[in-house]
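Observations on the three-dimensional arrangement
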Amino acid sequence: MRHNSPATALAQGTGQAVAKAILLGEHTVVHGTPAIALPLPALPVRAVARPTTGSGIAASGSFGFLAGAAAPATPTPSGPRVAVEEALRRWGIEAETVEVVVYCDIPLARGLGSSAACAGAAVRAVADLYGRELDPAALYDLVQCGEQVAHGRASGIDASAVLADGPIRFHAGTARPIDVGMDAALVIADTGVSGSTQQAVADVRRRLAADPRAARRLLDRAAELIDAGAGALSAGQTRTLGATMLEFQDLLGELGVSTPHIDTLVAAALAAGAHGAKLTGAGLGGCVLALTDTDAAPSVSTALRRAGAVQTWTVRTAGLRAGALSLSASTPERGIPS
Ligand code: PMV
């Protein structure tokens, strides 16, 4: 139900966004390289916003929060709350108070963009509640306000990918659709370990600052790999893309964001026939992404779970063409004991 401001007690607004996976370019994108990412519609977030005058949250979901005039002050508000507060301010309705309940299918803190997706869904829900038009640039900007809190310094890749309708090449704040010319599978494996994006981003920044000449070499190499990966993805060169992912994983290891658990999962995917594998997202836990032929995907997925992944999802790259994503593109698979 939509109402113009002020919203009535019966009104509610809803919004959605989805998870994302970074194929190439995490961390280096914060320092100016491009990155390639894809939205994952099989892992959605839905948010419901209602006007409130109270201080409690009536409905239960994955989590909820209040934003606006009557919301209690907190020393470190979450990214989604920061994004919603900023939206209310920009729309000139900061005297309102809203309750936002978020229903999130994305595992939190696993490199799949949960903070950006929750912020995107929350802002869309509040816009729906107050009948505000949200153009893509305004929405991106609001989600980025929340991401700056979640990441310390966010490149914008997450905010772009969780709102995109197909794979993107992101560079310097601009996202463009990228062609996918291959029918392969991406298996995403959850280490079960929460990683702190803020800590990982700060660690990488320190490491790069400590040796600027080595940092330049590494970032130049990263940019070459990302360009090669984009070309291979478009041209359907699965082996080249897999090899590029492996090289990028080495580079992320040099940046200090891989872990022995991630390295074990990468090795398990390769041993089961994957063309390449790497961590995806900030690392220090989170998820591993493996590229395989479609017929090898089930055995790669099983190998990853036997090696300690708590759950896996498989995405067919053929379903990833811009604007053509469907909810059946990903298959959730529960972890099995080794
Ligand atoms: O927060 P995550 O794990 O989804 O990954 C964010 C990607 C980084 O490159 C590490 C940070 C950024 O802002 O680009």
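Figured I'd write up the structure that's included with this text. These numbers come from a predicted model, not from an experiment. (Residues numbered from 1 in each chain as written. Predicted model: local features only at pLDDT ≥ 70, side-chain atom pairs only at ≥ 80, totals over all residues. Heavy atoms only, no water.)

A closer look at the site of the ligand
- Every one of the 18 residues lining the ligand counts as a neighbour, but Lys20, Ser155, Asp158, Thr197 and Ala282 are closest to it.
- Lysine 20 is positioned with one of its side-chain polar atoms (N or O) 2.5 Å from an oxygen atom of the ligand.
- Residue histidine 27 places a main-chain N or O atom 2.9 Å away from an oxygen atom belonging to the ligand.
- In isolation the ligand has 380 Å² of accessible area, and contact with the protein removes 97% of it.
- Where the shell around the ligand is concerned, the elements lending two or more residues are strand 1 (13–24), helix 4 (157–161) and helix 5 (197–210).
- Among the residues forming the shell around the ligand, the class breakdown is 7 nonpolar, 7 polar and 4 charged.
- Counting contributing residues per domain, the shell around the ligand is built from domain 1 (6–175) and domain 2 (179–320), each supplying no fewer than three. (Near = heavy atom within 4 Å. Polar contact = N/O pair within 3.5 Å; in protein donor to acceptor, adjacent residues only side chain to side chain. Areas by Shrake-Rupley, 256 points an atom, 1.4 Å probe, with all protein chains shown as cover. Helix = DSSP H or I, 4+ residues; strand = E, 2+ residues; numbered from the N terminus. Nonpolar A, V, L, I, M, F, W, Y, C, P; charged D, E, K, R; others polar. Domains from an automatic or database assignment.)

Comments concerning the pattern of salt bridges
- What the rule picks out here adds up to 14 salt bridges.
- Glutamate 86 serves as the salt-bridge partner of arginine 89, at 2.9 Å between the closest nitrogen and oxygen. In this pair, arginine 89 and glutamate 86 both sit in helix 1 (residues 79–90), 3 residues apart, roughly one turn of the helix.
- Classification of arginine 89 by relative accessible area gives partly exposed; the value is 46%. (Salt bridge = Lys/Arg side-chain N within 4 Å of Asp/Glu carboxyl O. Buried < 20%, exposed > 50% of the residue type's maximum accessible area, 1.4 Å probe, protein only.)

All quantities given are derived from atomic positions and should not be read as evidence of function.
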